[in-house]
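# Structure at a glance
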Amino acid sequence: MSEDGIRQNTNKALLEKFVERGWLTVVRADDDFYMLPVRAIEELLDKGLCIVGVGYDPYKASKPINELKDYLFAEFGANDPKICDIVKPVRQSFANFNPLVIEMDYMLNGEGGRDDDPMLTFEENGLWSWCAENLYLAESMDGMANRKPIKKAPDCKIDPWIGLLEGLCMADVSDGKIYDIDPS
């Protein structure tokens with residue numbers, strides 16, 4: 001989140017606590033913001049992570065995605081067709097997010113049995129629970145009963161949950177393909 005975004009947010013004190021605890025990253029300028037995905041990918045590659053895919057919402061994403069593709073092409077070769085297979089749009093539509101919402105509900109709540117433990121918990125990081133409180137599941141108006149997470153108010157943040165759903169989408173569409181884009 002940008003410094004200005006935190007300063008202007010009605011939840012400034014809470015967001016500053018998340019920054020102190022290392023749960024939220026602050027970027028200082030617009031250019032830094034657009035380079036954030038590139039730096040995150042660099043760090044992950046340096047740690048030896050194999051990239052399956054990078055998903056993004058295409059709405060207003062051209063600048064950060066172009067920066068990311070420029071980095072990947074420069075690092076791994078402009079003629080590497082794997083790069084185009086790795087960076088893919090993930091639309092945040094009702095139809096696209098509905099199966100992911102169902103999957104996430106199952107991972108958080110199980111099948112609802114008495115002894116059914118959740119597969120995912122986020123107990124140590126308060127950012128996740130705060131962001132969960134900031135969202136509600138909206139239902140599509142087309143009669144299909146598709147659902148997707150929506151912010152309760154413009155100042156609310158739900159980004160970790162959206163990112164997790166996009167990650168699930170990327171895993172679903174990867175079809176088991178693993179691209180090892182190791183520069184060595």
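Structure: above.
Read on for an overview of the structure. Just so it is clear, the model here is predicted, and its values are computed rather than measured.

What follows is about a negative patch on the surface. Together, Glu-42, Glu-43, Asp-46 and Glu-75 make up a region of like negative charge exposed at the surface. At three residues, helix 3 (residues 30–46) tops the list of elements feeding residues into the negative patch. Within the secondary structure, Glu-43 is located in helix 3. Since its relative accessible area comes to 49%, Glu-43 is described here as partly exposed.

This paragraph deals with the environment of Cys-169. Among the secondary structure elements, Cys-169 is positioned in helix 8 (residues 159–173). Leaving out residues up to four positions away in the same chain, Cys-169 has contacts with Val-90, Asn-96 and Leu-100.

What follows is about the layout of surface pockets. Taken as a whole, the second largest pocket spans an internal volume of roughly 220 Å³. In terms of lining, the second largest pocket is formed by Val-101, Met-104, Asp-105, Leu-108, Asn-109, Ala-132, Leu-135, Leu-137, Arg-147, Pro-149, Trp-161 and Leu-165. Looking at the lining of the second largest pocket, the elements with two or more residues in it are helix 6 (94–109), strand 3 (135–139), strand 4 (147–151) and helix 8. When residues in the lining of the second largest pocket are grouped by element, the largest group, five residues, is from helix 6. The residue makeup of the lining of the second largest pocket, split by class, is nine nonpolar, one polar and two charged.

Thresholds applied
Residues numbered from 1 in each chain as written. Predicted model: local features only at pLDDT ≥ 70, side-chain atom pairs only at ≥ 80, totals over all residues. Heavy atoms only, no water. Patch = residues over 30% accessible without salt bridge, like charges linked within 9 Å, V, L, I, M, F, W, Y side chains within 5 Å. Areas by Shrake-Rupley, 256 points an atom, 1.4 Å probe, with all protein chains shown as cover. Salt bridge = Lys/Arg side-chain N within 4 Å of Asp/Glu carboxyl O. Lys, Arg positive; Asp, Glu negative; His and termini not counted. Charge placed at Lys NZ, Arg CZ, Asp CG, Glu CD. Helix = DSSP H or I, 4+ residues; strand = E, 2+ residues; numbered from the N terminus. Buried < 20%, exposed > 50% of the residue type's maximum accessible area, 1.4 Å probe, protein only. Contact = heavy atoms within 4.5 Å. 1 Å grid on protein atoms, 1.4 Å probe; cavity = no way out; pocket = protein on both sides within 12 Å on 5 of 7 lines; lining within 4 Å. Points joined across faces, edges and corners; volume = space filled by probe spheres on them. Nonpolar A, V, L, I, M, F, W, Y, C, P; charged D, E, K, R; others polar.

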